[in-house]
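Structural characterization, general
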Amino acid sequence: MEQKSKKIPERTCVVCRTKGPKANFIKVVKTADGIFVDKNGKTNGRGMYICKNKECISEAVKKRAANRVFKCECPAAVYEELGKIDEFD
Ligand SMILES: [Zn+2]
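Residues numbered from 1 in each chain as written. Predicted model: local features only at pLDDT ≥ 70, side-chain atom pairs only at ≥ 80, totals over all residues. Heavy atoms only, no water.

This next bit is on the side chain of K27. Along the chain, K27 falls in strand β3 (residues 25–31). In this structure K27 is buried but unpaired, with D38 as the nearest side chain of opposite charge at 4.2 Å. One polar contact links the side chain of K27 to the main-chain carbonyl oxygen of T43, over a distance of 3.4 Å. Discounting residues that sit within four places of it in the chain, K27 has contacts with F36, V37, D38, T43, G45, G47, M48 and Y49. (Helix = DSSP H or I, 4+ residues; strand = E, 2+ residues; numbered from the N terminus. Buried < 20%, exposed > 50% of the residue type's maximum accessible area, 1.4 Å probe, protein only. Lys, Arg positive; Asp, Glu negative; His and termini not counted. Salt bridge = Lys/Arg side-chain N within 4 Å of Asp/Glu carboxyl O. Polar contact = N/O pair within 3.5 Å; in protein donor to acceptor, adjacent residues only side chain to side chain. Contact = heavy atoms within 4.5 Å.)

Okay, structure coming up:
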């Protein structure tokens, strides 16, 4: 649920703590069905944000960042999918 506000909501990269509008980040989302890479930004759930750059993505994969953020075992498939992301718009 988004609250109306004059400010653009900022997201924070879990790796480097850079803040910015959500368009700058890849979102990984945890829902009742599991954890997914949210490519279109439309999945509702608890989100985790990673900068759209290779450094942050590879760090997130290496450190298994989602396990820490979501406090659970994130499926390897999620990290594989993140690792395959090499095109950013
Ligand atoms: Zn980052």
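Below, the discussion takes up the coordination of the zinc ion. Protein coordination at the zinc ion: the donors are C13 (SG), C16 (SG), C51 (SG) and C56 (SG), at 2.2 to 2.3 Å from the metal. Here the zinc ion binds four donor atoms, and the angle range of 101 to 117 degrees at the metal identifies the geometry as tetrahedral. One chain supplies every donor for the zinc ion, spaced along it as C-x2-C-x34-C-x4-C. You can see C16 sitting in the loop between β1 (10–12) and β2 (19–21) and its partner C51 sitting in strand β5 (residues 46–51), a full 35 residues away along the chain. Residue classification places C16 among the partly exposed residues on the basis of a relative accessible area of 37%. (Donors = N, O, S within 2.8 Å, 3.2 Å for Na, K, Ca; no water. Tetrahedral: all angles 85-135°; square planar, octahedral: opposite > 155°, others 65-115°.)

So, about the nonpolar core. One finds V28, M48, I50, I57, F70 and L82 to be the most contacted residues of the largest nonpolar core, which totals 24 residues. Of all elements in the fold, only β3, β4 (34–38), β5, α1 (54–62), α2 (65–70) and α3 (76–84) reach the threshold of two or more residues within this core. (Core = buried A, V, L, I, M, F, W, Y, C linked by side-chain atoms within 4.5 Å.)

When we look at burial in α3, the residues that qualify are V78, Y79 and L82. The arc that holds the buried residues of α3, viewed along the axis, is 95 degrees, so those residues lie on one side. In this structure, α3 carries G83 and K84 as exposed residues pointing more than 90 degrees from its buried face. In this structure, the buried side of α3 is in contact with β3, β4, β5, α1 and α2. (Arc of directions from axis to C-beta.)

Two elements in contact, α1 and α3, have axes whose closest approach is 9 Å; the angle formed by their N-to-C orientations is 160 degrees. Put simply, α1 runs roughly antiparallel to α3. At the point where α1 passes α3, the crossing takes the left-handed sense. Between α1, through I57, A60 and V61, and α3, the contact on the second element is made entirely by Y79, L82 and G83. Taken together, the residues that form the contact of α1 with α3 break down as five nonpolar, one polar and no charged. (Axes fitted to C-alpha atoms, helices over the stretch in contact; angles between N-to-C directions. Parallel < 35°, antiparallel > 145°, perpendicular 65-115°, else oblique. Left-handed = near helix turned anticlockwise from the far one by under 90°. Nonpolar A, V, L, I, M, F, W, Y, C, P; charged D, E, K, R; others polar.)

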